[in-house]
Amino acid sequence: MENEKDNFWLYVGGGVVVVVALVIAFKSMHGEAIPAKAYEETRAQIETQIKNAK
């Protein structure tokens, strides 16, 4: 019975590690999806359009 309890916590710990690794991986992929330069250019274009509309 003691061996099963140890395996349970091993599985729980492994699951937590996998979830944390996936979250970090997806966050890093999202950051690369929009490069900072492209974001700045788009923001500048939007601000110009807003000023022209006023």
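Values in this document were obtained by computation on a predicted structure and should not be read as measured data. (Residues numbered from 1 in each chain as written. Predicted model: local features only at pLDDT ≥ 70, side-chain atom pairs only at ≥ 80, totals over all residues. Heavy atoms only, no water.)

Q: How would you explain a nonpolar patch on the surface if you had to name every residue and give the values?
A: A contiguous nonpolar surface patch, about 580 Å² in accessible area, is contributed by Phe-8, Trp-9, Val-12, Val-16, Val-20 and Ile-24. Here Phe-8 lies in helix α1 (residues 2-33). (Patch = residues over 30% accessible without salt bridge, like charges linked within 9 Å, V, L, I, M, F, W, Y side chains within 5 Å. Areas by Shrake-Rupley, 256 points an atom, 1.4 Å probe, with all protein chains shown as cover. Salt bridge = Lys/Arg side-chain N within 4 Å of Asp/Glu carboxyl O. Helix = DSSP H or I, 4+ residues; strand = E, 2+ residues; numbered from the N terminus.)

Q: Please provide a residue-by-residue account of the packing of aromatic side chains, values included.
A: Aromatic rings in a pair are described by how distant their centres are and how their planes are angled relative to each other. With the rule as written, the count across this model stands at one aromatic pair. On the basis of an interplanar angle of 75 degrees and a centroid distance of 5.1 Å, the ring pair of Phe-8 and Trp-9 is categorised as edge-to-face. Classification of Trp-9 as exposed rests on a relative accessible area of 53%. (Phe/Tyr/Trp six-rings, centres within 6.5 Å; stacked < 30°, edge-to-face > 60°. Buried < 20%, exposed > 50% of the residue type's maximum accessible area, 1.4 Å probe, protein only.)

Q: Give a detailed account of the pattern of salt bridges, specifying residues and quantitative values.
A: Going through the model one piece at a time under the given rule, you end up with two salt bridges. One salt bridge connects Arg-43 with Glu-40, and the closest N-O pair in it is separated by 2.7 Å. With Arg-43 and Glu-40 both in helix α2 (residues 36-53) and three residues apart, this pair spans about one turn of that helix. When its relative accessible area of 35% is taken as the criterion, Arg-43 is described as partly exposed. Residue Glu-40 is classed as partly exposed on the basis of its relative accessible area, which comes to 38%. One salt bridge connects Arg-43 with Glu-47, and the closest N-O pair in it is separated by 2.8 Å.

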